[in-house]
Amino acid sequence: MLLTIENLRKSYGTPDGSVQAVVDVPVFSLDTAQQMALCGTSGSGKTTFLNLIAGILKPDAGRIELDGCAISDASEAGRDRLRARTIGYIFQTFNLLQGYTCIENVLLGMSFGPGADRRRARGLLERVGLGQRLDHFPRQLSTGQQQRVAVARALANRPKLVLADEPTGNLDPASAAESLGLIHETCLENGAALLLVSHDREVLGQFDNVRDLAEINRAAACPSAGEARS
Ligand code: ADP
Ligand code: MG
């Protein structure tokens, strides 16, 4: 297995002093190069779940093993290194660095991993249809084109796993379908597994393998069950 999760828990404190359990996942796994979509309503913990897998957040309890390494036990710096080596992340709002060009955005992503490889960066941008836009800044691109830069950046370090957080939420339906096809294909070409979260039926319809987050995450199945007065 590429990714295995056991007894993963994450809660947040709320302004009224109670504690809200957001993630409570007894078991979850993903195989090498497997593609899976998780559906869940807004607030069901999709982003939190992906951020735990990416090591952006540290769990309160439980274990996340990714490519043989326990990212859940690592220090923050260790999680950063493991993420740079193993994971590509496509954020809902893309998170491109606005002061840098397309190719610089991809190269900067590489600098946290195996090191800048201009040929690969250019090849990836060409693959996503942006060969004529290498030196454009994000603001000079359409939303769909910015999203494709984010796809190229996510694949830059040859990740074993690509995480995608509602990646087409900001796109019109035609661009969304096209972009999703591109994410599917480029993950396959690069041998990367894909875990995508969405609440959009159109998006979910493009996956053979769709699971309901509520069946995996007990906190999403019954949000109020996790709330306890402190
Ligand atoms: P989704 O991505 O499915 O919409 P999130 O993972 O963003 O869900 O959020 C799940 C729940 O956790 C929501 O109720 C949200 O308000 C809460 N939450 C998310 N991030 C934080 C945070 N940093 N602090 C407190 N509560 C948070
Ligand atoms: Mg979210």
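The preceding data block contains the structure.
Residues numbered from 1 in each chain as written. Chains lettered and ligands numbered in written order. Predicted model: local features only at pLDDT ≥ 70, side-chain atom pairs only at ≥ 80, totals over all residues. Heavy atoms only, no water.

Colleague: What is the right way to read the pairing of strand β4 (residues 61-66) from this model?
Modeller: Remember that side chains alternate between the two faces of the sheet whenever the strand is regular. In this structure, strand β1 (residues 3-13) lies alongside β4, joined through five bridges in antiparallel fashion. Note on β4: the bridge partner recorded for Arg9 is Ala61. Adjacent in sequence and paired antiparallel, β4 and strand β5 (residues 69-70) are bridged by two residues, among which Asp67 carries a positive phi angle near 50°. (Pairing = 2+ DSSP bridges. Helix = DSSP H or I, 4+ residues; strand = E, 2+ residues; numbered from the N terminus.)

Colleague: Help me out: how do you make sense of the packing of helix α3 (residues 102-111) against helix α4 (residues 118-127) in this one?
Modeller: Angle between the axes and distance between the axes: these two values describe a pair of packed helices. Across the interface, α3 lies against α4 with an axial gap of 9 Å and an inter-helix angle of 125°. Considering their axes alone, α3 and α4 lie oblique with respect to each other. In this structure, α3 crosses over α4, and the sense of that crossing is right-handed. Of α4, the residues touching α3 (which contributes Cys102, Ile103, Val106, Leu107 and Met110) are Arg118, Arg120, Ala121, Arg122 and Leu125. (Axes fitted to C-alpha atoms, helices over the stretch in contact; angles between N-to-C directions. Parallel < 35°, antiparallel > 145°, perpendicular 65-115°, else oblique. Left-handed = near helix turned anticlockwise from the far one by under 90°. Contact = heavy atoms within 4.5 Å.)

Colleague: So what exactly am I meant to see when it comes to the side chain of Asn157 here?
Modeller: Within the secondary structure layout, Asn157 lies in the loop between α5 (143-155) and β7 (161-165). Engagement of the side chain of Asn157 in a polar contact is seen with the backbone oxygen of Gly109, the distance being 3.1 Å. Apart from the residues lying within four places of it in its own chain, the contact partners of Asn157 are Ala84, Arg85, Gly109, Met110, Gly113 and Pro114. (Polar contact = N/O pair within 3.5 Å; in protein donor to acceptor, adjacent residues only side chain to side chain.)

Colleague: In this structure, what is going on with the environment of Ala21? I would like to understand it.
Modeller: Tracing the chain through its elements places Ala21 in strand β2 (residues 18-30). Judged by its relative accessible area of 18%, Ala21 is buried. Considered as a pair, Ala21 and Asn170 are 149 residues apart in the sequence and their alpha carbons are 28 Å apart. (Buried < 20%, exposed > 50% of the residue type's maximum accessible area, 1.4 Å probe, protein only.)

Colleague: Any chance you could explain the site of ligand 1 here in plain terms?
Modeller: Close to ligand 1 lie Tyr12, Gly13, Gln20, Val22, Thr41, Ser42, Gly43, Ser44, Gly45, Lys46, Thr47 and Thr48, which account for all nearby residues. Take Lys46: an N or O atom from its side chain is 2.9 Å from an oxygen atom of ligand 1. Protein chains bury 60% of the 560 Å² of accessible surface belonging to ligand 1 in isolation. Grouping the constituent residues of the shell around ligand 1 by class yields two nonpolar, nine polar and one charged. (Near = heavy atom within 4 Å. Areas by Shrake-Rupley, 256 points an atom, 1.4 Å probe, with all protein chains shown as cover. Nonpolar A, V, L, I, M, F, W, Y, C, P; charged D, E, K, R; others polar.)

Treat this as a map of the structure, not an account of what it does.
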